[in-house]
Protein chains: 2
Amino acid sequence: MQVILLSGGSGKRLWPLSNDIRSKQFIKIFKNPNGGYESMLQRAFRQIKKVDANISIVVATAKSQVSMVRNHLGAVDISAEPCRRDTFPAVALTCAYLRDVKKINPDEPIVVCPVDSYVEDKYFLLLRKMAEMVAAGNINLALMGIKPTYPSSKYGYIIPAENNLWVFKEKPTEQIAAEYIAKGALWNGGIFAFKLGYILDKTKSIVGKNSYAEIFAQYETLPKISFDYAISEKEKNIAVAIYDGEWKDSGTWNTLSEVMEIPCIGDVLTDNTCTNLNVINETDIPLICMGLKDMIVAAGADGILVTDKIQSAQIKSYVEQIHQPSRYAEKSWGVFKIIDIEQESLTIKADIPAGQHMRYHSHNFRAETWNIISGEGTAIVDGKKLSVRAGDVVNLPVNCRHTIIAKTNLKIIEVQLGKDITIDDKIIYDFPEGVN
Amino acid sequence: MQVILLSGGSGKRLWPLSNDIRSKQFIKIFKNPNGGYESMLQRAFRQIKKVDANISIVVATAKSQVSMVRNHLGAVDISAEPCRRDTFPAVALTCAYLRDVKKINPDEPIVVCPVDSYVEDKYFLLLRKMAEMVAAGNINLALMGIKPTYPSSKYGYIIPAENNLWVFKEKPTEQIAAEYIAKGALWNGGIFAFKLGYILDKTKSIVGKNSYAEIFAQYETLPKISFDYAISEKEKNIAVAIYDGEWKDSGTWNTLSEVMEIPCIGDVLTDNTCTNLNVINETDIPLICMGLKDMIVAAGADGILVTDKIQSAQIKSYVEQIHQPSRYAEKSWGVFKIIDIEQESLTIKADIPAGQHMRYHSHNFRAETWNIISGEGTAIVDGKKLSVRAGDVVNLPVNCRHTIIAKTNLKIIEVQLGKDITIDDKIIYDFPEGVN
């Protein structure tokens with residue numbers, strides 16, 4: 001059994017904590033067993049491993065989110081999409097990756113599961129059951145149906161029909177949704193199981209090819225269609241596994257606040273007149289809330305949001321008026337945060353965990369200075385190795401090739417100077433020989 | 001005519017924008033004629049100069065606020081209190097300063113005026129009238145009475161009595177306040193005029209001395225009494241000038257929000273469902289408010305406050321739970337802001353306007369690195385002059401004596417490293433010879 005975790009999506013509906021790169025599944029709002037906080041992605045990964053530590057997991061994600069996924073999950077298998085299409089191309093690409101790169105047998109049951117739902121552990125037990133249903137060979141496709149708790153107009157429905165068939169309906173009115181539910185309809189959670197070969201055959205017939213190399217190279221020409229549209233709605237030989245438990249979306253501030261196990265996260269003080277208040281403070285300064293009712297407060301490196309819960313649904317048009325680059329990013333090698341912006345300079349704090357390193361790179365239009373503020377490491381500048389520790393300063397002239405390898409946890413204040421500082425001004429090189 | 005501007009007070013009632021050093025009169029919330037923002041102190045100073053550009057002003061303030069006053073007003077006369085007492089010692093010290101240091105004639109009329117009220121220009125015209133009343137010589141003391149607009153229980157009252165006498169009453173109940181007002185009572189705004197010699201004589205008789213050197217040296221032994229208690233309530237020969245205009249306190253978030261001419265200051269977006277909302281955003285990240293009613297939001301380097309207006313009165317006990325050093329300070333030479341805090345390091349951004357310089361100083365327990373990010377200047381390290389400009393890095397080892405003089409507007413990222421970084425670890429030296 002192989003799980004494909006779909007970690008897609010992006011956007012600003014959870015601004016200031018989400019942006020083009022950091023989507024909802026990366027926000028750390030759940031208590032983990034060690035007493036810290038974990039993200040939806042980390043939570044789903046942990047829940048699956050709890051069902052069976054040996055289940056193979058591959059994360060299907062956008063190229064721009066690979067570093068973020070590695071930062072959250074470490075050395076996990078990743079199938080990176082060169083650009084965004086829809087769920088069918090994402091699943092097709094990942095299945096091709098599993099066969100051609102990971103050498104998975106076409107008979108292997110695959111379960112596709114999005115990471116952005118807040119669910120109970122038994123949801124993941126059901127994934128195994130779906131894999132077993134597919135492995136038994138009587139059906140081509142297993143879907144998970146979520147037992148509805150109310151006639152929502154926001155979800156897709158699968159409705160039982162004659163001859164063991166299922167009808168798919170997207171976002172009906174509440175009245176029609178109630179009629180569907182009366183007929184035994186379930187919410188379509190977007191969880192599918194199939195044998196690897198099944199989807200590769202379908203891919204071949206839909207897009208004319210199914211090798212990983214070809215699909216990857218021509219990814220942006222693939223049709224932007226959903227898995228339901230391309231596969232599920234056309235398949236006659238389907239079984240549905242029913243999940244009857246907590247299943248919550250976390251795509252808006254209002255729904256995210258509903259899944260917060262702890263109402264206030266971070267350095268937050270609230271008085272005893274606050275009710276139905278959720279606060280996430282990712283900054284390192286204290287936040288005091290007094291007399292707040294039915295509200296959400298979120299503060300991070302990119303901004304501060306103070307909103308009534310119902311009104312929060314309107315956030316998009318306000319966030320679109322903001323044109324500042326994001327100040328916070330989780331990279332494969334650690335975390336960086338912009339701490340000062342001037343016209344011709346940018347000051348950054350980088351946290352690099354022991355053993356990690358940036359890629360070897362140079363900039364055409366800016367010089368940089370590293371102020372090592374804690375830890376030890378090895379800086380490489382134009383091929384020359386240099387042991388550095390707290391208190392050391394490393395000058396990085398324009399065009400010099402540079403990286404730093406953390407021996408212990410390393411913290412750096414990086415001062416960038418140049419007339420045109422952009423994230424695009426970065427040339428990547430192979431690591432110099434003799435350096436790991 | 002000489003004006004003494006009393007710029008005292010401190011505290012956290014306007015947290016996160018006020019702290020032990022930065023009190024309400026330093027928060028920039030008023031539109032100035034140049035389109036920028038000005039503080040209450042700057043506003044009062046400008047209003048007085050508008051009445052008569054030649055009026056001499058001395059600011060009486062705490063030693064700890066001298067740098068802040070200079071930052072707001074430039075090269076103004078300052079009488080610094082060595083420690084905090086009350087209004088009588090503050091006025092006595094400043095009067096002694098005026099005679100002994102500034103050589104002001106004992107016959108000169110002096111007007112004492114606090115800076116923390118929001119008033120119209122005509123209030124300052126009245127100061128001149130009070131000086132003229134005192135200069136005429138028929139009375140010893142002129143007070144300003146503010147025409148009450150409602151029976152407040154928060155103010156002091158002066159009530160006309162027989163034989164031209166006035167009775168002083170502090171903070172009556174609203175019912176009693178209404179009775180006072182019916183008798184012609186006025187709010188006591190704490191504005192006094194007298195001849196310089198009058199207060200120096202009173203000082204001699206109350207504390208046994210009146211030379212500036214003696215009062216300054218023994219300041220902390222002076223009685224902690226108010227000017228009203230020490231002088232006004234005992235004086236029989238008083239005249240009262242009546243001010244009939246806007247007069248507002250700005251000592252709490254609720255009252256401060258009432259004097260804000262612009263409801264939202266800084267990088268703030270509000271949706272059209274916000275009502276009776278005041279926002280001050282002093283950070284450089286955007287703040288979005290949606291669906292907020294009767295609220296105050298304040299964000300600064302030290303923290304974020306989100307509060308219902310009425311509930312904001314309870315702020316003190318919550319702020320007392322916060323034990324972080326202030327991250328923002330206005331110094332005589334410019335502004336500094338802490339932008340990163342680690343266990344054994346502190347990163348600061350310093351803005352030094354052209355012509356300004358830090359004092360020549362050293363630290364026993366920390367090394368520093370200056371990263372010049374914009375402008376040009378002269379660094380002096382252990383007596384050695386060094387021309388610096390954007391891109392330069394200056395290493396400042398533990399114990400080295402150092403300063404920097406801004407040739408143009410200078411911006412520096414200063415990285416401090418040490419096991420024990422405190423503001424007290426600072427030894428001041430005279431400027432090295434040959435350097436201005």
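Residues numbered from 1 in each chain as written. Chains lettered and ligands numbered in written order. Predicted model: local features only at pLDDT ≥ 70, side-chain atom pairs only at ≥ 80, totals over all residues. Heavy atoms only, no water.

Re the overall build of chain A
Point 1. Each helix and strand counted, chain A has ten helices and 30 strands in total.
Point 2. For chain A, whose C-alpha radius of gyration is 24 Å, the value lies close to the compact-globule estimate of 22 Å for 436 residues.
Point 3. In terms of overall dimensions, chain A has a C-alpha envelope of 75 × 60 × 40 Å along the principal axes.
Point 4. When the 436 residues of chain A are sorted by exposure, 54% land in the buried category.
Point 5. Counted over contacts in chain A with a minimum sequence separation of 6, partners at least 24 positions apart contribute 65%. (Helix = DSSP H or I, 4+ residues; strand = E, 2+ residues; numbered from the N terminus. Rg over C-alpha atoms; globule rule 2.2 N^0.38 Å. Buried < 20%, exposed > 50% of the residue type's maximum accessible area, 1.4 Å probe, protein only. Contact = heavy atoms within 4.5 Å.)

Quick word on the pattern of salt bridges
Point 1. Applying the stated criterion across every chain yields a total of 36 salt bridges over all chains.
Point 2. Close ionic contact of E368 of chain A with R366 of chain A constitutes a salt bridge, the shortest N to O distance being 2.9 Å. Like E368 of chain A, the residue R366 of chain A is buried in the burial classification.
Point 3. What emerges from the salt-bridge pattern is a single network uniting D340 and E342 of chain A together with K349, D351 and K411 of chain B. (Salt bridge = Lys/Arg side-chain N within 4 Å of Asp/Glu carboxyl O.)

Some remarks on helix α1 (residues 40-51) of chain A
Residue and element names in this part refer to chain A.
Point 1. The first and last C-alpha atoms of α1 sit 17 Å apart over twelve residues, in line with the 16 Å expected at 1.5 Å per residue.
Point 2. Judged by how many residues are buried, α1 sits mostly within the fold: nine of twelve residues are covered.
Point 3. Within the span of α1, buried status applies to M40, L41, Q42, R43, A44, F45, Q47, I48 and V51. (Expected span 1.5 Å × (residues − 1).)

Quick word on the packing of aromatic side chains
Point 1. With the rule as written, the count across this model stands at 28 aromatic pairs over all chains.
Point 2. Aromatic side chains W187 of chain B and W247 of chain B sit 5.7 Å apart centroid to centroid with 40° between the ring planes, which places their arrangement in the tilted category. Of the two residues, W187 of chain B sits in strand β11 (residues 186-195) while W247 of chain B sits in strand β13 (residues 247-249), which places them 60 residues apart along the sequence. The pair W187 of chain B / W247 of chain B is uniform in exposure class, with both members buried.
Point 3. An aromatic cluster is present here, built from Y150, Y155, W187 and W247 of chain A joined pairwise through their rings.
Point 4. We note R401 of chain A situated over the ring of Y429 of chain A; from NZ or CZ to the ring centre the distance is 3.7 Å.
Point 5. Over the aromatic face of F30 of chain B sits the side chain of R43 of chain B, whose NZ or CZ is 5.2 Å from the ring centroid. (Phe/Tyr/Trp six-rings, centres within 6.5 Å; stacked < 30°, edge-to-face > 60°. Lys NZ or Arg CZ within 6 Å of the ring centre and 35° of its normal.)

Quick look at the sheet that holds strand β18 (residues 293-300) of chain B
Point 1. The strand order across the open sheet built from six strands is β15(A)-β17(A)-β19(B)-β18(B)-β16(B)-β14(B), with neighbouring strands paired in mixed fashion. For this open sheet the edge positions go to β15 (268-270) of chain A together with β14 (264-265) of chain B, each flanked by a neighbour on one side alone.
Point 2. In the sheet, strand β16 (residues 275-281) of chain B pairs with β18 of chain B via six bridges, with the strands oriented parallel. Across the sheet, residue V279 of chain B finds its bridge partner in β18 of chain B, namely V297 of chain B. (Pairing = 2+ DSSP bridges.)

Brief notes about the relation of the copies chain A and chain B
Point 1. When chain A is fitted to chain B, the best match, at an RMSD of 0.1 Å, comes from turning it 180° and sliding it 0.0 Å along the axis. Taken together, the turn and the small shift mark the pair as related by a two-fold rotation axis. Distance from the rotation axis, computed per C-alpha, reaches its smallest value in chain A at I339 of chain A: 3.1 Å.
Point 2. Most of the interface of chain A is mirrored in chain B: 100% of its interface residues are interface residues there too. (Least-squares fit on C-alpha atoms with pLDDT ≥ 70 in both.)

A short note on the pairing of strand β19 (residues 303-308) of chain A
All names here are of chain A.
Point 1. Most of β19 sits out of view: six of its six residues are buried.
Point 2. By the alternation rule, side chains of β19 split into G303, L305 and T307 and I304, V306 and D308, which are all buried.
Point 3. One ladder, built from six bridges, connects strand β18 (residues 293-300) with β19; its direction is antiparallel. The residue bridging A298 from the neighbouring strand is L305, located in β19.
Point 4. Following β18, the chain reverses through two residues before pairing antiparallel with β19.

What to know about the interface of chain A and chain B
Point 1. The interface of chain A with chain B comprises 57 residues on the first partner and 57 residues on the second.
Point 2. Summing the contributions of chain A and of chain B, the shared interface buries around 4400 Å²; its carbon and sulfur component is 65%.
Point 3. For E342 of chain B, the salt bridge is made with K411 of chain A, and the minimal N-O distance between the two is 3.5 Å.
Point 4. The interface formed by chain A and chain B contains 21 residue pairs in polar contact (both at pLDDT 80 or more).
Point 5. Residue contributions to the side of chain A that touches chain B peak at six residues, all from β19 of chain A.
Point 6. Across the side of chain A that touches chain B, the residue classes break down as 29 nonpolar, 18 polar and ten charged.
Point 7. When β19 of chain A meets strand β17 (residues 287-290) of chain B, the two strands line up parallel, connected through four bridges. Bridged to V306 of chain A within β17 of chain B is C289 of chain B. (Buried area = accessible area lost by both parts, 1.4 Å probe. Polar contact = N/O pair within 3.5 Å; in protein donor to acceptor, adjacent residues only side chain to side chain. Nonpolar A, V, L, I, M, F, W, Y, C, P; charged D, E, K, R; others polar.)

With respect to unusual backbone geometry
Point 1. A cis amide bond links W15 of chain A with the next residue in sequence, P16 of chain A, at an omega value of 5°.
Point 2. For P16 of chain A, the position within the fold is in the loop between β1 (2-7) and β2 (28-31).
Point 3. A positive phi angle, near 45°, is found at N276 of chain A, a position not held by glycine.
Point 4. In this structure, N276 of chain A sits in strand β16 (residues 275-281).
Point 5. Judged by its relative accessible area of 44%, N276 of chain A falls in the partly exposed class.
Point 6. Positive phi is not limited to glycine here, since N163 of chain B has a value of about 60°.
Point 7. As for its placement among the helices and strands, N163 of chain B is situated in the loop between β9 (156-160) and β10 (166-170).

Considering the environment of N272 of chain B
Point 1. Summarising the element assignment, N272 of chain B is placed in the loop between β15 (268-270) and β16.
Point 2. Distance in space between the C-alpha atoms of N272 of chain B and M290 of chain B is 7.9 Å, their sequence separation being 18 residues.

A look at the side chain of H402 of chain A
Residue and element names in this part refer to chain A.
Point 1. Following the sequence through the fold, H402 ends up in strand β28 (residues 402-406).
Point 2. Within the local environment of H402, its side chain forms a polar contact with the side chain of E368, the two groups lying 3.3 Å apart.
Point 3. The contact partners of H402, leaving out residues within four places of it in the chain, are R359, Y360, H361, S362, H363, E368, W370, I380 and L396.

With respect to the environment of E261 of chain A
Residue and element names in this part refer to chain A.
Point 1. Relative to the elements of secondary structure, E261 occurs in the loop between α9 (253-259) and β14 (264-265).
Point 2. The partly exposed category is assigned to E261, whose relative accessible area is 39%.
Point 3. Put simply, E261 and I29 are 232 residues apart on the chain and 7.8 Å apart in space, counted from C-alpha to C-alpha.
Point 4. Contacts of E261, omitting those with residues within four sequence positions, involve F30, K31, R43 and Y118.

A few points about the sheet that holds β16 of chain A
Sheet strands pair by backbone hydrogen bonding; their relative direction is either parallel or antiparallel.
Point 1. Taken together, the six strands give an open sheet; going across it, the order is β14(A)-β16(A)-β18(A)-β19(A)-β17(B)-β15(B), and neighbouring strands pair in mixed fashion. Only two strands of the sheet have a single neighbouring strand rather than two, namely β14 of chain A together with β15 of chain B.

Shape is all these values report; function is a separate question.
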